[in-house]
Amino acid sequence: MTKQRPIAIDIQKVVKRFGDFTALKEVSVSIGDNEFFTLLGPSGCGKTTLLRMIAGFEDVTAGAIFLYDQEIAKLPPNKRPINTVFQNYALFPTMSVLENVGFGLEMQGKSRAEARRQAGEMLELVQLSQFAHRKPSQLSGGQQQRVALARALAPKPRVLLLDEPLSALDMKLRKSMQLELKHIQRETGITFIFVTHDQEEALTMSDRIAVMSAGEVQQLGTARDIYENPRNMFVADFIGDTNLLEVSVDKIENGRATCHLGGGHELTCDPVAGVDTGARVHLSVRPERLFLSSEPEEVESLRGRVVENIFIGTDITTILDLGVGPQFRVRASNSDRGNLRVFEPGQNVFVNMERGAARLLVD
Amino acid sequence: MAGGAASGGNATSEAYAPARGWLLLPTWVVLGIVVLAPIVLMLIYSFLTKEFRGGVIWEFSVDAYDQFFFDRGLFGDDAPTIQWAYIQIFWRSIWQATLATIFCLLIGFPTAYFIATRPANQRTIWVFLITIPYWVNLLIRTVSMRFILRDQGPLNDLLQWTGIVAEPLTIINTNLGVQIGLFYSYLPFMVLPLYAAIERYNFSLSEAASDLYAPRHKILTRIVLPAVKPGLIAGCILVFVPSLGSFLAPDLLGGARNFMIGSLIDEQFRGSAGNWPFGAAASMILLTLVLLVLMVLARQQARLEKGAG
Ligand SMILES: Nc1ncnc2c1ncn2[C@@H]1O[C@H](COP(=O)(O)OP(=O)(O)O)[C@@H](O)[C@H]1O
Ligand SMILES: [Mg+2]
């Protein structure tokens, strides 16, 4: 987030307790105006709870939530210019699609005719005009999802909250909805706070991502930042595919950390704040940042034996045994025509990595 | 419409088609005995001639209906005039039953809403508590109510003791007495169907409405009430219909001046003062009235369901 962008939602040290269970532990996040922001984390980590607190359905145990410098933690949901696309859509079953979409506008004090007119425009945006007079139960899941989106967008909220809106859709529809959502966000300029447990979806769509686990934000950054520089074990493991190696840090000098991982393997990598000499920590290497060779190369390398090659269409994943730790995965793109060399199982190879590919993790 | 699932369903029901007739036989027999036979009997009796010590003479006559609607009689010499006395009793009954239904709704809805929003394991206990008084016979409950409400009864004692009123309130033998009796008799018939409907209500719809700027009263009128309408209509029917024909509450708490149809009919079949054909005719008129109300409600329900698809 750049500095000049105003803050739309500022969550300051927010705590949420249900009885003696703490669902959120001092969460602080600032979400910029016009940003596509994603809360990503496994089921039960507190994403919905945080979203419901922003919408006003749950009260805040401690901390504060600001909407453009206005403290909103005490405002009831109907007084917040924030709308929600609910996980189960929560469409009004007794109203037509058009009435559903117009409901928020009507409650804002617009005349019924005006509400209908604007709702009609909204339905055009989500390409559902021909279904305006149907009841929600007469629509498919994907169409219901779009009605829910149109209904939440119609009153032109300052912030739109989306709680796993695509999780009930099939893969293909989901992909196209991801693009459509992103498109609508850009077009309307509304700040989106998007919740998902699907890391791929988060990486595809977001300007910035907050990775959550067990009621805490583990890391906050752009998709690229989080993917390439995971801060800890949880993030490295949750986002994308990675090789995790347990290492001991032997020495840190000249801006390089030297680590060994048993079995005679040694590696140097960039040091990380919070990891000192002698520490036993984890190291993460993405499979696509590695390449294999039969002769040593002028880069960092480990030695291993090929166990298996797995062909997955776009890529070939080679499983290796380093003689220490869990099996190691190396991924090569299927289109590296000239460079791609597939090694047979049982062959001894060098596993090479560019500088910066291996990341030390704070546990 | 020739989808695989649809045709599969048809095939199944076709396979049972020959058996359908006799499988439903017990239902038809029971319905015939408990519903159709009494009504047909009543209809026949309403067109017979009355016998002076109760009972009937098997001779066709429209006297009963004549007596109900016309003063001088349709077959007399003078021009017939409308007999208002019985129509008035009917009118009072409809009015009392409507009022009782409204009171039951006003108290029953919040009660049902309260129960439905308790944690799941507490709801049954609340429903149980609501129904406990109804394990006692209606007659005994109505007599007890008379005891509680009378001038020197516990209610007036309490009101005087707390200084709310100086003189005892006369409730027995007033419209209010009848109202309290009807309300008390039929409240659970309102609460239970409403509770069933509200329990099935998806409360995230209320959240969605609130998210879309609806204040509380709008959530109630625009979202909750339409969603629980079937339960609402069922509750209203279950209170209105028995209230209309009720005779215990009007007799014991309303006295002679607050006569209702139920009492009128009841009287016709008692002792030697009775008039069976007239009682039967009044019953048929009441039945017609109730059917008309139900038909209107049923049509509305059908429209609702058609809308919900
Ligand atoms: N009303 C509640 N009462 C008690 N615990 C709750 C309540 N709502 C959520 N929780 C708990 O808080 C945690 C976070 O829930 P939630 O925010 O729904 O997770 P997510 O949306 O990330 O899957 C879960 O362990 C859940 O059981
Ligand atoms: Mg959730």
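What you see is a predicted model, and the numbers here were worked out from it, not measured in a lab. Counting restarts for each chain: residues are numbered from 1 in the order of the written sequence. For naming, the first written chain is A and the first written ligand is 1, with later ones following in the order written. pLDDT decides what is reported in this predicted model: residues at 70 or higher carry local features, side-chain atom pairs at 80 or more are listed and counted, and totals for whole chains, interfaces and linings draw on all residues regardless. In computing side-chain properties, one takes all heavy atoms of the structure into account and sets aside hydrogens as well as water.

Trainee: It is not clear to me how the overall build of chain A should be interpreted in this structure. Could you clarify?
Mentor: For helices the rule is a DSSP run of H or I covering at least 4 residues; for strands it is a run of E covering at least 2, with both sets numbered from the N terminus onward. On a plain count of helices and strands, chain A comes out with 8 helices and 20 strands. Here the C-alpha coordinates of chain A stretch approximately 75 × 45 × 40 Å along the principal axes. Exposed residues in this analysis have more than 50% of their type's maximum accessible area, buried residues have under 20%, and partly exposed residues fall in between, with area computed by a 1.4 Å probe over protein chains only. Counting every position in chain A, which comprises 363 residues, the buried fraction comes to 51%. Contacts in chain A between residues far apart in sequence, at least 24 positions, make up 66% of those at least 6 positions apart. In this analysis, two residues are considered to be in contact whenever any of their non-hydrogen atoms come within 4.5 Å of each other.

Trainee: Which parts of the structure should I look at to understand the packing of aromatic side chains?
Mentor: A ring pair, where both rings are aromatic, is described by two values, the distance of the centres and the angle of the planes. Here is the rule: rings of Phe, Tyr and Trp (six-membered ring for Trp) pair when centre to centre is within 6.5 Å. Planes less than 30 degrees apart are stacked, more than 60 are edge-to-face, and the remainder are tilted. What the rule picks out here adds up to 23 aromatic pairs over all chains. Between Y113 of chain B and F203 of chain B the ring centres are 5.8 Å apart and the planes differ by 75°, which places this aromatic pair in the edge-to-face class. Note that Y113 of chain B is positioned in helix α5 (residues 84-116) and F203 of chain B in the loop between α9 (175-200) and α10 (204-211), a separation of 90 residues in sequence. The ring of F92 of chain A has R151 of chain A lying over it, and the distance from NZ or CZ to the ring centre is 4.6 Å. In this structure, R158 of chain A packs its charged tip against the face of Y68 of chain A, placed 3.9 Å from the ring centre. In this analysis the charged atom, NZ for Lys or CZ for Arg, is taken to sit over a ring once it is within 6 Å of the ring centre and within 35 degrees of the ring normal.

Trainee: Please explain the UniProt feature "domain: ABC transmembrane type-1" (unreviewed entry) in chain B as it appears in this structure.
Mentor: What UniProt calls "domain: ABC transmembrane type-1" (unreviewed entry) maps, in this numbering, to residues 90-297 of chain B. For residues 90-297 of chain B, helix accounts for 76% and strand for 0%, while the C-alpha atoms at its two ends are 20 Å apart. UniProt positions are given in the numbering used here, feature names are shortened, and annotations may be inferred rather than shown by experiment.

Trainee: What's the story with the pattern of salt bridges in this structure? I'm lost.
Mentor: Side-chain pairs of opposite charge can arise whenever the charged atoms involved come near each other. Residue and element names in this part refer to chain A. A carboxyl oxygen of Asp or Glu within 4 Å of a side-chain nitrogen of Lys or Arg is what we treat as a salt bridge. A complete count under the given rule lists 25 salt bridges over all chains for this structure. Measuring nitrogen to oxygen at the nearest pair gives 3.6 Å for the salt bridge that ties D207 to K182. Of this pair, D207 sits in the loop between α6 (199-205) and β9 (208-213) while K182 sits in helix α5 (residues 171-188), and the two are 25 residues apart along the sequence. When the shortest N-O distance is used, the salt bridge between D270 and R256 registers 2.8 Å. One end of the pair, D270, is in the loop between β13 (266-269) and β14 (280-285); the other, R256, is in strand β12 (residues 256-260), and 14 residues separate them in sequence. Residues joined in a network through salt bridges with shared partners are D241, E288, D315, R329 and R331.

Trainee: Looking at this model, I keep getting lost on the confidence of the model for chain B. Mind explaining?
Mentor: The predicted coordinates ought not to be read in detail in places where the model reports low pLDDT. Residue and element names in this part refer to chain B. Averaged over every residue, the pLDDT of chain B is 86; residues scoring 70 or more account for 93%. pLDDT expresses, on a scale from 0 to 100, how confident the predictor is about each individual residue. Element-level pLDDT for chain B is lowest in helix α1 (residues 4-15), with a mean of 50, against a maximum mean of 95 in α10. The model gives residues 1-9 a pLDDT under 50, and that stretch makes 1 contact with residues more than four places away or in other chains. Confidence estimates for the predicted assembly give a pTM of 0.82 and an ipTM of 0.82.

Trainee: Looking at this structure, I do not really get the environment of Y86 of chain B. What am I missing?
Mentor: Residues and elements named next belong to chain B. Positionally, Y86 belongs in helix α5. Since its relative accessible area comes to 17%, Y86 is described here as buried. With 148 residues separating them in the primary sequence, Y86 and A234 have C-alpha atoms 29 Å apart. Discounting residues that sit within four places of it in the chain, Y86 has contacts with Q67, F68, L264 and F278.

Trainee: Please clarify how the interface of chain A and chain B should be interpreted in this entry.
Mentor: Many authors give the size of an interface as the accessible area that is lost as the parts come together. Contacts between chain A and chain B engage 30 residues on the former and 20 residues on the latter. Around 2100 Å² of area is buried between chain A and chain B when both sides are counted, 57% of it from carbon and sulfur atoms. Applying the counting criterion to the chain A and chain B interface returns 2 salt bridges. R222 of chain B is paired through a salt bridge with E106 of chain A; the nearest N and O atoms lie 3.0 Å apart. The quantity reported as buried area is the accessible area (1.4 Å probe) lost by two parts once they are put together, taken as the sum for both.

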